[in-house]
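Secondary and tertiary structure notes
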Amino acid sequence: MKVIEHLDKAKNPLISFEIIPPLRGGDISQLFNIIDELVKFKPPFIDVTSHAAEVIYEETPKGIRKKTLRKRPGTIGISVAIKNRYNIDTVPHILCQGFTREETEDALIELNYLGIENVLAVRGDDKGYKKPIPAGKTSNGMTLELVKQVVEMNRGNYLEEDLMDAMPTDFCIGVGGYPEKHFEAPNLKIDVNYLKQKVDAGAHYIVSQMFYNNSSFKNFYKLCREAGIEVPIIPGLKILTSKKHLTSLPRDFFIEIPEELAEEILQADQKHTVDIGIEWALKQIEDLLNFGVPAIHFYILQNVEPVKKLFSGLKM
């Protein structure tokens with residue numbers, strides 16, 4: 001079932017989760033152990049992130065060696081495995097960064113064959129590797145272009161125009177939104193205008209970047225509606241569990257940690273930071289539910305314990 005169908009049919013706000021594939025060569029059983037815990041909360045869908053190749057440097061006896069490696073492959077396989085094993089819809093992330101349009105089309109064809117109905121279109125992080133585009137191939141530079149490609153496939157239009165018996169796909173397309181604006185946008189209003197272009201191009205729903213100040217999300221939501229964006233907007237949350245998050249999350253995701261939360265974390269013993277993060281998230285959730293959000297998306301990645309503890313004190 002599509003994400004927007006889940007939202008339309010829901011009588012109460014939904015919960016969803018986002019996980020990442022294991023490291024290259026890792027064991028998927030660890031991921032299944034995480035999902036075994038998540039299914040207890042009856043998520044209608046689970047997002048599976050995708051990761052392009054990146055450049056790493058290894059020290060060898062002969063000196064430093066530059067190596068290009070895709071550290072977390074397997075998004076398509078994991079998405080299908082979760083759907084078949086748990087009967088939960090999955091939302092694989094489809095990237096611009098690191099993939100040609102031809103590779104993207106192949107991935108979408110494969111997902112369609114395997115019964116996956118949802119994708120999240122994202123540009124992807126710049127990890128220092130610029131994939132060479134072979135002659136005769138093309139790439140999507142921005143998410144808007146990627147959304148348009150998926151929409152064209154939904155209309156039965158493939159890159160090879162002379163394909164015989166090419167059937168339309170039927171993907172529900174999600175895109176990301178940034179309550180505190182994308183770091184490359186000059187201001188939030190312009191960023192929302194970019195977002196509207198993606199919706200106008202065919203995106204069906206929006207899931208937000210993580211945030212810790214609900215007023216940022218509410219202002220973002222207001223600007224979206226004023227701009228004419230009418231699709232569902234799902235807030236995304238991540239439980240702050242470590243003092244290190246005070247620097248790593250702003251650095252990696254270009255978000256702001258509220259002064260009150262940061263001060264409480266800084267003054268607390270490390271063993272109490274999880275409890276502080278959970279309590280903050282509970283307050284956010286209560287306020288967001290009162291605001292009327294259709295669902296709440298939790299960025300789990302590979303740490304399920306804080307979410308389990310959060311849900312023990314949550315009423316939805």
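Calculation criteria
Note on numbering: residues in each chain are counted from 1, in written sequence order. Totals for whole chains, interfaces and linings use all residues, but because this is a predicted model, local features are given only for residues with pLDDT of at least 70 and pairs of side-chain atoms are given and counted only at 80 or more. As a convention, hydrogens and water are excluded, and side-chain values are obtained from all of the structure's heavy atoms. Accessible area is worked out with a 1.4 Å probe on protein chains only. A residue is then buried under 20% of its type maximum, exposed over 50%, and partly exposed in between. The helix and strand labels rest on DSSP assignments: H or I over at least four residues marks a helix, E over at least two residues marks a strand, and numbering proceeds from the N terminus. By definition in these notes, contact holds between two residues if any of their heavy atoms fall within 4.5 Å. As used in this record, nonpolar core signifies buried Ala, Val, Leu, Ile, Met, Phe, Trp, Tyr and Cys residues forming a set joined through side-chain atoms within 4.5 Å. Note on geometry: axes are C-alpha line fits, over the in-contact stretch for helices, and angles between N-to-C directions span 0 to 180 degrees. The cut-offs work like this: below 35 degrees is roughly parallel, past 145 is roughly antiparallel, 65 to 115 is roughly perpendicular, and the gaps in between are oblique. Should the near helix be turned counterclockwise from the far one by less than a right angle, the crossing is left-handed, whereas a clockwise turn marks it as right-handed. The criterion for strand pairing is that DSSP finds at least two bridges linking the strands in question. Two N or O atoms count as a polar contact when they lie within 3.5 Å, although within protein this holds only if one can serve as hydrogen donor and the other as acceptor, and sequence-adjacent residues are included solely when both atoms are side-chain atoms. Classification of ring pairs rests on two measures: the distance between centres of Phe, Tyr or Trp rings, Trp counted by its six-membered ring, which must be within 6.5 Å, and the angle between planes, read as stacked under 30 degrees, edge-to-face over 60 and tilted in between.

**Remarks on helix H8 (residues 245-253)**
- Of all the residues in H8, the buried ones are His 245, Leu 246, Ser 248 and Leu 249.
- Summarising the contacts, the buried residues of H8 are in contact with strand E8 (205-210) and helix H9 (259-267).
- In the segment just after H8, Phe 254 is the residue with positive phi, at about 55°.

**Comments concerning the nonpolar core**
- Core analysis: the largest hydrophobic core is formed by 65 residues, its most contacted members being Ile 19, Phe 298 and Leu 310.
- For this core, the element with the most residues is helix H5 (residues 143-154), which contributes six residues.
- Here Leu 310 is in contact with Ile 239, Ile 278, Ala 281, Leu 282, Ile 285 and Phe 298, once residues within four sequence places are set aside.
- Residues Leu 120, Leu 249, Ile 276 and Ala 295 belong to the second largest nonpolar core, which totals 25 residues.

**Observations concerning unusual backbone geometry**
- Positive phi values are uncommon outside glycine, yet Lys 42 reaches one of about 55°.
- Take Lys 42: it is sitting in the loop between helix H2 (28-38) and strand E2 (45-48).
- For Lys 42, a relative accessible area of 71% corresponds to the exposed category.
- Phi is positive for Leu 301, close to 60°, though the residue is something other than glycine.
- Tracing the backbone through its elements, the reader meets Leu 301 in strand E10 (residues 295-301).

**Focus on the packing of helix H4 (residues 101-113) against H5**
- Two elements in contact, H4 and H5, have axes whose closest approach is 11 Å; the angle formed by their N-to-C orientations is 45°. The pairing of H4 with H5 is recorded here as oblique in orientation. Judged by the sense of rotation from one axis to the other, the crossing of H4 with H5 is right-handed. From H4, Arg 101, Thr 104, Glu 105, Leu 108 and Ile 109 reach across to H5, where they touch Leu 146, Gln 149, Val 150 and Met 153.

**A few points about the pairing of E10**
- Across the seven residues of E10, six count as buried, placing the element largely inside the fold.
- Inspection of the sheet shows strand E1 (residues 14-19) paired to E10 by six bridges, in the parallel sense. In the strand pairing of E10, Ile 19 is matched with Leu 301.
- Bridge count for strand E9 (residues 233-237) against E10 is two bridges, and the pairing is parallel. Considered in E10, the bridge of Gly 236 is made with His 297.

**Quick word on the side chain of Asn 214**
- Summarising the element assignment, Asn 214 is placed in helix H7 (residues 214-226).
- On the basis of relative accessibility, which here comes to 9%, the residue Asn 214 falls in the buried class.
- Within the structure, Asn 214 has its side chain in polar contact with the side chain of Gln 284 (distance 3.0 Å).
- Setting aside residues no more than four positions away along its own chain, Asn 214 makes contact with Gln 284, Asp 287 and Leu 288.

**What about the packing of aromatic side chains?**
- A complete count under the given rule lists twelve aromatic pairs for this structure.
- Plain terms: the ring middles of Phe 17 and Phe 298 are 6.0 Å apart, the flat faces sit at 35° to each other, and that makes the pair tilted. In this pair, Phe 17 sits in strand E1 while Phe 298 sits in strand E10, placing the two residues 281 residues apart along the sequence.
- What makes Phe 17 buried here is its relative accessible area of 0%.
- When its relative accessible area of 2% is taken as the criterion, Phe 298 is described as buried.
- When the centroid spacing of 4.0 Å and the interplanar angle of 10° are considered together, the rings of Phe 183 and Phe 254 count as stacked. Of the two residues, Phe 183 is situated in the loop between strand E7 (172-177) and helix H6 (188-201) and Phe 254 in the loop between H8 and H9; the sequence distance between them amounts to 71 residues.

**With respect to the side chain of Gln 149**
- Structurally, Gln 149 is set in helix H5.
- Ignoring any residue separated from it by four or fewer positions in sequence, one finds Gln 149 in contact with Arg 101, Thr 104, Glu 105, Asn 140 and Leu 159.

**Thoughts on the environment of Leu 237**
- Mapped onto the elements of the fold, Leu 237 is located in strand E9.
- Distance from Leu 237 to Thr 100, taken between C-alpha atoms, is 31 Å for residues 137 residues apart in sequence.
- Discounting residues that sit within four places of it in the chain, Leu 237 has contacts with Phe 211, Gln 284, Ile 285, Leu 288, Ile 296, His 297, Phe 298 and Tyr 299.

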